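Observations on the model geometry
Given next are the chains, with one letter for each unit.
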Amino acid sequence: MPEKTTENRLARAFAAAKAEGRIALMPYVTVGYPTLERSKKLIKAIVEAGADGLELGVPFSDPLADGATVQRTSQIALDQGTSLRDAFQLVEELRAEGVDVPLVLMGYTNPFYQFGLEALAERAVEAGVDAFIVPDLPAEESDEWAQPLRAKGLDLVFFVAPTSTESRLKTTAEKASGFIYCVSLTGVTGARENLAGDLGEYMGRVRAATDLPLVIGFGISTPAHVAEVAVMADGAIVASAMINHLDSFSEADEAAAAIEYVKKMRAATKKP
């Protein structure tokens, strides 16, 4: 019997968005925030609203790439005992309940490495994970990770930033699969009023290095930001701004609020 691998939901999602003349919208949810059950309800609401995929944050105590909002959600999830095993269980339940968009686990090397890389790949496929984003894993040091993940059909996504050199862009493009995560600014995650003025020039440099889909994250806070990203990328990740918005609603209203928010963001994904 052939080894089970994930179907390539990421490629399918980007192709579908492109065929519709828009970019993919991939919101971020911290696993276990506000609680495990509520994060599951939020994910299902976000999918219902038309998200093309989700980035699921695995809580970690020292998240170097995350700003105050995501750090806060991670700490609350950790305080409740949320773990990597819970993240896998959540994905497995979502798949069993019909969620078929790409689900990408974003987390840090310690929990993944402690789990064991071979076991990580096996459990990911079993649960229905499509890819991993590991902010503190440099592309140059990723071969040990890439081998077991790619053997199971899992993508390993890497970051580039406005400060990335041409050499670094080339190396990252050679090592990455699924998509390239393009950090929109020099800094950590968090809602911003404006995106960087030189974003177009930076994205042009990244595009010259790879044919992979380019997804912009960090600071995307409004439909206007999504529309700006649609000019130069293949996808957008919305995190802190959505979390802050939903925090203003009661538990009874947060799913409906998530649907309304994501629909507004998705309406801005049309390419000009």
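Notes on the structure in this doc start here.

Each value, and the rule that gives it
Residues numbered from 1 in each chain as written. Predicted model: local features only at pLDDT ≥ 70, side-chain atom pairs only at ≥ 80, totals over all residues. Heavy atoms only, no water. Helix = DSSP H or I, 4+ residues; strand = E, 2+ residues; numbered from the N terminus. Buried < 20%, exposed > 50% of the residue type's maximum accessible area, 1.4 Å probe, protein only. Contact = heavy atoms within 4.5 Å. Areas by Shrake-Rupley, 256 points an atom, 1.4 Å probe, with all protein chains shown as cover. Pairing = 2+ DSSP bridges. Axes fitted to C-alpha atoms, helices over the stretch in contact; angles between N-to-C directions. Parallel < 35°, antiparallel > 145°, perpendicular 65-115°, else oblique. Left-handed = near helix turned anticlockwise from the far one by under 90°. Nonpolar A, V, L, I, M, F, W, Y, C, P; charged D, E, K, R; others polar. Core = buried A, V, L, I, M, F, W, Y, C linked by side-chain atoms within 4.5 Å. Phe/Tyr/Trp six-rings, centres within 6.5 Å; stacked < 30°, edge-to-face > 60°. Salt bridge = Lys/Arg side-chain N within 4 Å of Asp/Glu carboxyl O.

The next subject is the overall build of the protein. Counting secondary structure elements, the protein contains 12 helices and 9 strands. Overall size of the protein, expressed as C-alpha extent along the three principal axes, is 45 × 40 × 35 Å. Split into buried and exposed, the 272 residues of the protein put 57% on the buried side. Taking all contacts inside the protein whose residues are at least 6 apart in sequence as the whole, residues at least 24 apart take part in 74%. Working note: accessible area of the protein is about 11300 Å², and carbon and sulfur atoms make up 52% of it.

Turning our eyes to something else, we now look at the side chain of serine 142. Considering the arrangement of structural elements, one finds serine 142 in the loop between strand 5 (131–133) and helix 7 (143–151). In this structure, serine 142 is in contact with Leu137, Leu156, Phe158 and Lys175, ignoring residues within four places of it in sequence.

Burial along strand 8 (residues 214–217) is two-sided: the face carrying Leu214 and Ile216 and the face carrying Val215 and Gly217 are both buried. Note: strand 7 (residues 180–183) against strand 8, 4 bridges, orientation parallel. Across the sheet, the residue bridging to valine 183 is glycine 217, located in strand 8. When strand 8 meets strand 9 (residues 235–236), the two strands line up parallel, connected through 2 bridges. Looking across to strand 9, one finds that valine 215 is bridged to glycine 235.

This part covers the sheet that holds strand 1 (residues 24–25). One open sheet accounts for 9 strands, arranged 1-9-8-7-6-5-4-3-2; its pairing is parallel. The open sheet has two edge strands with one neighbour each: strand 1 and strand 2 (28–30). Where strand 5 meets strand 6 (residues 155–160), 3 bridges bridge the pair, whose relative direction is parallel. Among the inter-strand pairings, phenylalanine 132 is bridged to a residue of strand 6, identified as leucine 156. Those strands touched by helix 8 (residues 166–175) are strand 6 and strand 7, and its axis lies near 165° from that of strand 6.

At a closest axis distance of 11 Å, the pairing of helix 2 (residues 36–48) and helix 4 (residues 84–96) adopts a crossing angle of 40°. In terms of orientation, helix 2 and helix 4 fall into the oblique class. Here helix 2 runs over helix 4; the crossing is right-handed. Facing Leu36, Ser39, Lys40, Ile43 and Lys44 of helix 2, the residues of helix 4 in contact are Asp86, Leu90, Glu93 and Leu94. Of the residues that constitute the contact of helix 2 with helix 4, the class distribution is 4 nonpolar, 1 polar and 4 charged.

This paragraph deals with the nonpolar core. Leu56, Phe88, Leu105, Leu120, Phe132, Leu156 and Cys182 are the most contacted members of the largest nonpolar core, which totals 71 residues. If near-sequence neighbours (up to four positions away) are discounted, leucine 56 is found in contact with Val29, Val31, Ile43, Val91, Leu103, Val104, Leu105 and Met106. Membership of the second largest hydrophobic core comes to 25 residues, among which are Met26, Met106, Ile133 and Phe159.

Another aspect to go through is the packing of aromatic side chains. A complete count under the given rule lists 9 aromatic pairs for this structure. Residues phenylalanine 112 and phenylalanine 132 carry aromatic rings whose centres are separated by 5.2 Å and whose planes lie at 80° to one another, so their mutual orientation is edge-to-face. Placement of the pair is phenylalanine 112 in helix 5 (residues 109–115) and phenylalanine 132 in strand 5, with a sequence separation of 20 residues. Its relative accessible area of 0% is what places phenylalanine 112 among the buried residues. For phenylalanine 132, a relative accessible area of 1% gives the class buried. Seen in terms of ring centroids, phenylalanine 112 and tryptophan 145 are 6.4 Å apart; in terms of plane orientation they differ by 75°. Their pairing is edge-to-face.

On inspection of all chains with the given rule, the structure shows 22 salt bridges. Residues glutamate 20 and arginine 266 are paired through a salt bridge, measuring 3.8 Å at the closest nitrogen-oxygen approach. Taken together, the positions of glutamate 20 in the loop between helix 1 (9–19) and strand 1 and arginine 266 in helix 12 (residues 251–266) put the pair 246 residues apart, joining distant regions of the chain. You can call glutamate 20 partly exposed: its relative accessible area is 40%. The closest approach of N and O atoms between glutamate 260 and lysine 264, which form a salt bridge, is 3.7 Å. Here lysine 264 and glutamate 260 lie together in helix 12, a separation of 4 residues that amounts to about one turn. By relative accessible area, which is 44% here, glutamate 260 ends up partly exposed.

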